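Coordinate analysis (summary)
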Amino acid sequence: MKNEPIPEGTDALVIDDAPFIEANSQAKSRYGRFNLAIVGGTGVGKSSLVNAVFGRDLAKVGLGLPVTRGVQYYHDSSLGIWDIEGFEIGSAIPPGEQLKAHLKVISERARDQQISVVWYCVKSNEDRLTAADIAMIRELDVAGLPVILVLTKVDWTKNPVTGKRVVPGDVKKFLAWLEIPIDENDEPIDIPYRRVLLTSTRDKHGKGKGHGLGELVAETLALSPEDEKDAFRIAQRLNLPWKREMARPVIAAAAGAAAAAAAVPVPVADATVLAPIQLTMMGRIAAIYDLELTTMLSTGAIAQLGVQITGQALARSFLKLIPGAGSVIGAGVALALTAATGQGWLQLCERVHTGKIDLDKVSESWGHYAPNFLTVIRKMTEQRMAKP
Ligand SMILES: Nc1nc2c(ncn2[C@@H]2O[C@H](COP(=O)(O)OP(=O)(O)OP(=O)(O)O)[C@@H](O)[C@H]2O)c(=O)[nH]1
Ligand SMILES: [Mg+2]
């Protein structure tokens, strides 16, 4: 039997993109915003850290609001940064009191602005924490906030023989002091931070990607309250496997729903019944990758994507690739196609997220990532044949 050519005009199917937009905004509001407080003196490298971990400099975007002297709040939809200056030398108010006042102001703000984790930043070439640092870390702890002590601008060197990275001597001394901290009178003191991490965002020549940042995101996630963890996974841009993990059940759910929708096989011509299911899935995945597709792509472009995915692609590939398979889509095919669509969309989102594809070109790029239907069909056939 010969394949029938697809009549022209199949592309002109009208797909409603509302499911995409709805699912996307619902997912966004469910995941919410992750709020990080960064405390540290001027020039210690706070903004560079935010940039390296979250892939954006909110301060530059200019969304900062001067909340109170020494405290600024920058945010976009998935991330909020409380940028808190270190202790102001010469101030009449003691450092602990000053920070306590800042925390009180913050605690009176809206719920979606509340701090989850604190990075307390100090330059790694200091020899110890100051009394002011310790007083402030104590206030943060009293407020119930988990503090990561971040020693910044570590000037690692590489052993030319072993290739191992070596911490400079002054940093080693600082770490040794932190192990058994003592005050000016050699009295042991308690400093209630939860972790200490060494970081750099570039080498001393201002080049390279930095080090210690993977550990910083891992520990930040570990210390985040349970219900803020997904928000952090979304806001950060260093760890892509976390996002893939989050997308996995979304794809599985959509594939299941598609199978249910095709429990009574649907004619290929009506394949668009799967469109809302797939668009919902895509909207959710876009939220996981923190893509502002709805604001950056015109509504028309999203609708067009929907057509490409569900209408055109489905109809074309099916009629072409399964000669004699009939003109209906059963549960198994619907499931496999939706899963493959999800995988293709995930890869596309990941590339946009990492800046490898221009958002303007998403519609064009889709063709390249759309599920390879032939592969899907082959897999299904293999599975069927493998069954005893
Ligand atoms: N060598 C080195 N330089 C760094 C590193 N991180 C930041 N810098 C440099 O240090 C300077 C200050 O960095 P920022 O990230 O702006 O510091 P900040 O704490 O945000 O400073 P303020 O916003 O002014 O309080 C910049 O010139 C950075 O290029 C690092 O890991 N290593
Ligand atoms: Mg800054």
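Residues numbered from 1 in each chain as written. Chains lettered and ligands numbered in written order. Predicted model: local features only at pLDDT ≥ 70, side-chain atom pairs only at ≥ 80, totals over all residues. Heavy atoms only, no water.

**Observations regarding the overall build of the protein**
- When helices and strands are tallied, the protein shows 15 helices and eleven strands.
- Buried positions account for 48% of the 388 residues belonging to the protein.
- Counting contacts in the protein only where the partners sit at least 6 residues apart, residues at least 24 apart contribute 72% of the total.
- Carbon and sulfur atoms form 54% of the exposed surface of the protein, whose accessible area is close to 19400 Å². (Helix = DSSP H or I, 4+ residues; strand = E, 2+ residues; numbered from the N terminus. Buried < 20%, exposed > 50% of the residue type's maximum accessible area, 1.4 Å probe, protein only. Contact = heavy atoms within 4.5 Å. Areas by Shrake-Rupley, 256 points an atom, 1.4 Å probe, with all protein chains shown as cover.)

**Points about the site of ligand 1**
- Taken together, 14 residues are adjacent to ligand 1, and Lys46, Ser47, Ser48, Lys153 and Thr201 come closest.
- Within the contact set of ligand 1, an oxygen atom lies 3.0 Å away from a backbone nitrogen or oxygen of Gly45.
- Ser48 places a side-chain nitrogen or oxygen 2.6 Å from an oxygen atom of ligand 1.
- Considering ligand 1 on its own, with 650 Å² of exposed area, one finds that the protein chains cover 65% of that surface.
- When the residues that make up the shell around ligand 1 are grouped by side-chain class, the tally is one nonpolar, eight polar and five charged. (Near = heavy atom within 4 Å. Polar contact = N/O pair within 3.5 Å; in protein donor to acceptor, adjacent residues only side chain to side chain. Nonpolar A, V, L, I, M, F, W, Y, C, P; charged D, E, K, R; others polar.)

**Observations concerning the nonpolar core**
- In this structure, Phe20, Ile285, Ile288, Tyr289 and Trp345 are the most contacted members of the largest nonpolar core, which totals 35 residues.
- Among the secondary structure elements, those contributing two or more residues to this core are α1 (18–31), α9 (240–261), α10 (275–288) and α13 (331–353).
- The residues touching Tyr289, leaving out its near neighbours within four places in the chain, are Leu240, Lys243, Arg244, Leu346, Cys349, Glu350 and His353.
- With 32 residues, the next largest nonpolar core counts Ile137, Val147, Trp156 and Tyr193 among its residues. (Core = buried A, V, L, I, M, F, W, Y, C linked by side-chain atoms within 4.5 Å.)

**Things to note about the packing of aromatic side chains**
- All told, the structure shown has six aromatic pairs when counted by the stated rule.
- Plain terms: the ring middles of Tyr73 and Trp82 are 4.3 Å apart, the flat faces sit at 35° to each other, and that makes the pair tilted.
- Centroid distance Phe232 to Trp242: 6.3 Å. Interplanar angle 55°. Geometry classified as tilted. Taken together, the residues Phe232 in helix α8 (residues 229–235) and Trp242 in helix α9 connect sequence positions ten residues apart.
- With relative accessibility at 0%, the residue Phe232 sits in the buried group.
- Overall, the relative accessible area of 16% leaves Trp242 in the buried class.
- Site record: aromatic cluster; members linked through ring pairs are Phe34, Phe54, Trp119, Phe232 and Trp242. (Phe/Tyr/Trp six-rings, centres within 6.5 Å; stacked < 30°, edge-to-face > 60°.)

**Some words on the pattern of salt bridges**
- This model, assessed by the stated rule, comprises nine salt bridges.
- Of the charged contacts in the structure, one is a salt bridge between Asp230 and Arg233, with a shortest N-O distance of 2.8 Å. Of this pair, Asp230 and Arg233 both sit in helix α8, three residues apart, which is roughly one turn of the helix.
- Here Arg237 makes a salt bridge to Asp290, at a shortest N to O gap of 3.5 Å. Of this pair, Arg237 sits in the loop between α8 and α9 while Asp290 sits in the loop between α10 and α11 (293–296); the two residues are 53 residues apart in sequence, bridging distant segments of the chain.
- Under the relative-accessibility criterion, Arg237 is labelled partly exposed at 27%. (Salt bridge = Lys/Arg side-chain N within 4 Å of Asp/Glu carboxyl O.)

**Notes on a negative patch on the surface**
- Taken together, the side chains of Glu126, Asp127, Asp155, Asp170 and Asp203 define an acidic patch exposed on the protein surface.
- Among the secondary structure elements, Glu126 is positioned in the loop between β5 (117–123) and α5 (131–142). (Patch = residues over 30% accessible without salt bridge, like charges linked within 9 Å, V, L, I, M, F, W, Y side chains within 5 Å. Lys, Arg positive; Asp, Glu negative; His and termini not counted. Charge placed at Lys NZ, Arg CZ, Asp CG, Glu CD.)

**Overview of the packing of α1 against α10**
- Axis separation between α1 and α10 bottoms out at 7 Å; the angle between their running directions is 35°. When the axes of α1 and α10 are compared, the crossing they make is right-handed. Here Pro19, Phe20, Ala23, Asn24, Ala27, Lys28 and Tyr31 of α1 come into contact with α10, specifically with Pro276, Leu279, Thr280, Met282, Gly283, Arg284, Ala286, Ala287 and Ile288.
- Counted by class, the contact of α1 with α10 contains eleven nonpolar, three polar and two charged residues. (Axes fitted to C-alpha atoms, helices over the stretch in contact; angles between N-to-C directions. Left-handed = near helix turned anticlockwise from the far one by under 90°.)

**Some points on the confidence of the model for the protein**
- Averaged over all residues, the pLDDT of the protein is 82; the fraction at 70 or higher stands at 77%.
- Note on residues 1–12: pLDDT under 50 across the span, and twelve contacts to partners over four residues away in sequence or across chains. (pLDDT = per-residue confidence, 0-100.)

**Quick look at the pairing of strand β1 (residues 34–40)**
- Among the seven residues of β1, seven are classified as buried, and the element is accordingly described as predominantly covered.
- With burial as the criterion, each face of β1 is covered, one bearing Phe34, Leu36, Ile38 and Gly40 and the other bearing Asn35, Ala37 and Val39.
- Here seven bridges tie β1 to strand β4 (residues 79–85), and the two strands are oriented parallel to one another. When the sheet's bridge partners are listed, Leu36 is paired in β4 with Ile81.
- Here five bridges tie β1 to β5, and the two strands are oriented parallel to one another. In the strand pairing of β5, Leu36 is matched with Val117. (Pairing = 2+ DSSP bridges.)

**Things to note about unusual backbone geometry**
- With phi around 55°, Lys153 is a residue other than glycine that occupies positive phi space.
- With respect to the secondary-structure elements, Lys153 resides in the loop between β6 (147–152) and β7 (157–158).
- On the accessibility criterion, Lys153 (48% relative accessible area) is partly exposed.
- Even without being a glycine, Asp290 presents a positive backbone phi close to 55°.

**Things to note about the environment of Pro192**
- Considering the arrangement of structural elements, one finds Pro192 in the loop between α6 (169–179) and β9 (195–198).
- Apart from residues lying up to four places away in sequence, Pro192 is in contact with Ile137, Arg138 and Asp141.

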